[in-house]
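Commentary on secondary and tertiary structure
Given next are the chains, with one letter for each unit.
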2 protein chains.
Amino acid sequence: MSSDGATGDTKARIMDAVRVALAKHGYADLTTKKVAAEADVSEAGIFYHYDSKDELVAAFVEWCAEGTSTRFDDLPDDPTDRLYAACDVLLVAEDDPQAAGVSVAFMELLSHAPYDETLQGPLRRYEEFVLGELADVVRAGVESGAFRDVDPEATAAFLLAACDGVTGFGLALDMTEANAHVRERLRAYLDTVVVADP
Amino acid sequence: MSSDGATGDTKARIMDAVRVALAKHGYADLTTKKVAAEADVSEAGIFYHYDSKDELVAAFVEWCAEGTSTRFDDLPDDPTDRLYAACDVLLVAEDDPQAAGVSVAFMELLSHAPYDETLQGPLRRYEEFVLGELADVVRAGVESGAFRDVDPEATAAFLLAACDGVTGFGLALDMTEANAHVRERLRAYLDTVVVADP
């Protein structure tokens with residue numbers, strides 16, 4: 001019933017349960033009952049904080065943005081190391097089934113965005129936030145002279161597309177060779193197109 | 001009840017109805033009833049050819065592969081024009097809401113692949129087919145000397161990831177500037193990394 005959602009430890013516990021349940025079941029088959037079971041709380045306990053499955057998932061997307069923000073804050077200072085590490089934040093490793101499951105579920109959430117106003121806002125804020133953070137990383141590298149004179153926003157969009165685009169064939173379909181190819185070509189892109197010659 | 005599915009004109013009519021209905025409603029809210037309404041046939045008429053919604057959608061994915069195959073067959077012969085045109089086949093224009101809707105629905109189908117064996121096979125064959133076609137385009141350019149000595153499979157995977165990856169933020173969330181950025185950077189990638197200097 002609360003429109004503010006849960007806070008503190010309760011929130012962390014519920015959000016972590018959403019993460020695990022989304023990775024396991026996807027969004028379509030996610031239920032508040034499954035999240036309650038993962039969090040080891042009653043379903044009423046979930047509904048006390050979130051009015052619906054979509055409000056719960058929207059809160060989860062905002063929570064992911066906070067987590068990604070923290071990971072960007074922790075990136076190394078050196079512009080080149082920072083760029084590589086930023087792409088590692090966005091490129092999910094196939095040997096991390098939990099993270100891969102969340103990535104696939106995020107792709108599912110995105111596919112619902114045109115029809116679901118509750119999810120649309122948080123998802124757009126999430127994508128805009130990531131694009132902005134990535135553009136800042138590129139801009140800092142350009143301004144310091146460590147990178148070529150590339151357009152920070154356009155480069156960020158291209159890098160995010162390449163990272164997001166591997167989720168379908170690389171993770172959902174588990175095409176491991178193609179997944180490895182994208183990672184290798186992305187690294188080559190950073191080396192040859194973005195980072196300046198020494 | 002037929003396991004062969006519909007053929008000829010009936011098939012084309014039903015598949016086109018799936019395309020329109022998927023673009024309009026997405027996969028989760030797709031029903032055989034909605035497809036029947038779009039095709040202007042009875043729901044029993046759909047079930048005569050396809051046992052379930054998922055069989056119908058799996059047939060649609062195979063049908064899309066045939067359509068993409070035809071579009072690849074029709075590409076220009078010149079290696080560089082061929083590569084640009086191949087990427088245009090894969091990059092959906094935001095000013096084509098019908099095609100954008102199908103792309104977003106494909107992303108949704110991919111997100112169900114880990115849980116849905118009926119969809120998994122056709123989707124994997126589709127992605128492998130597209131990767132193979134794209135790699136052939138790159139390989140022909142490399143062998144003719146029109147392209148640099150890039151790895152055809154790795155380059156194809158990277159290009160497909162960039163094209164697929166714009167579906168989420170560019171189409172489902174309608175972030176038009178970021179969408180344009182990806183298209184512009186992709187073109188620059190083809191020009192500077194793949195195509196040889198004149």
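Scope of this entry: the structure provided in the associated data block. (Residues numbered from 1 in each chain as written. Chains lettered and ligands numbered in written order. Predicted model: local features only at pLDDT ≥ 70, side-chain atom pairs only at ≥ 80, totals over all residues. Heavy atoms only, no water.)

A few points about the interface of chain A and chain B
Chain A puts 46 residues into the contact, and the matching count from chain B is 46 residues. For the chain A and chain B pair, buried surface summed over both sides reaches about 3,600 Å², with 75% attributable to carbon and sulfur atoms. When the buried area of chain A at its contact with chain B is split by residue, Phe-158, Leu-173 and Arg-185 of chain A rank highest and sum to 19% of it. Between chain A and chain B we count 0 salt bridges in total. Applying the counting criterion to the chain A and chain B interface returns 8 residue pairs in polar contact (both at pLDDT 80 or more). The greatest single-element share of the side of chain A that touches chain B, amounting to 14 residues, is contributed by helix 8 (residues 152-172) of chain A. Within the side of chain A that touches chain B, the residues separate by chemical class into 27 nonpolar, 9 polar and 10 charged. (Contact = heavy atoms within 4.5 Å. Buried area = accessible area lost by both parts, 1.4 Å probe. Salt bridge = Lys/Arg side-chain N within 4 Å of Asp/Glu carboxyl O. Polar contact = N/O pair within 3.5 Å; in protein donor to acceptor, adjacent residues only side chain to side chain. Helix = DSSP H or I, 4+ residues; strand = E, 2+ residues; numbered from the N terminus. Nonpolar A, V, L, I, M, F, W, Y, C, P; charged D, E, K, R; others polar.)

Looking at the relation of the copies chain A and chain B
One copy of the chain maps onto the second through a rotation around an axis plus a translation along that axis. With an RMSD of 0.0 Å, the operation that places chain A on chain B is a rotation of 180° combined with a shift of 0.0 Å along the axis. On the angle and the small slide along the axis, the relation comes out as a two-fold axis. Minimal C-alpha separation from the rotation axis in chain A is found for Gly-165 of chain A, amounting to 1.7 Å. A shared binding surface is used by both copies, with 100% of the interface residues of chain A retained as interface residues in chain B. (Least-squares fit on C-alpha atoms with pLDDT ≥ 70 in both.)

On their own, these measurements won't tell you what the molecule is for.
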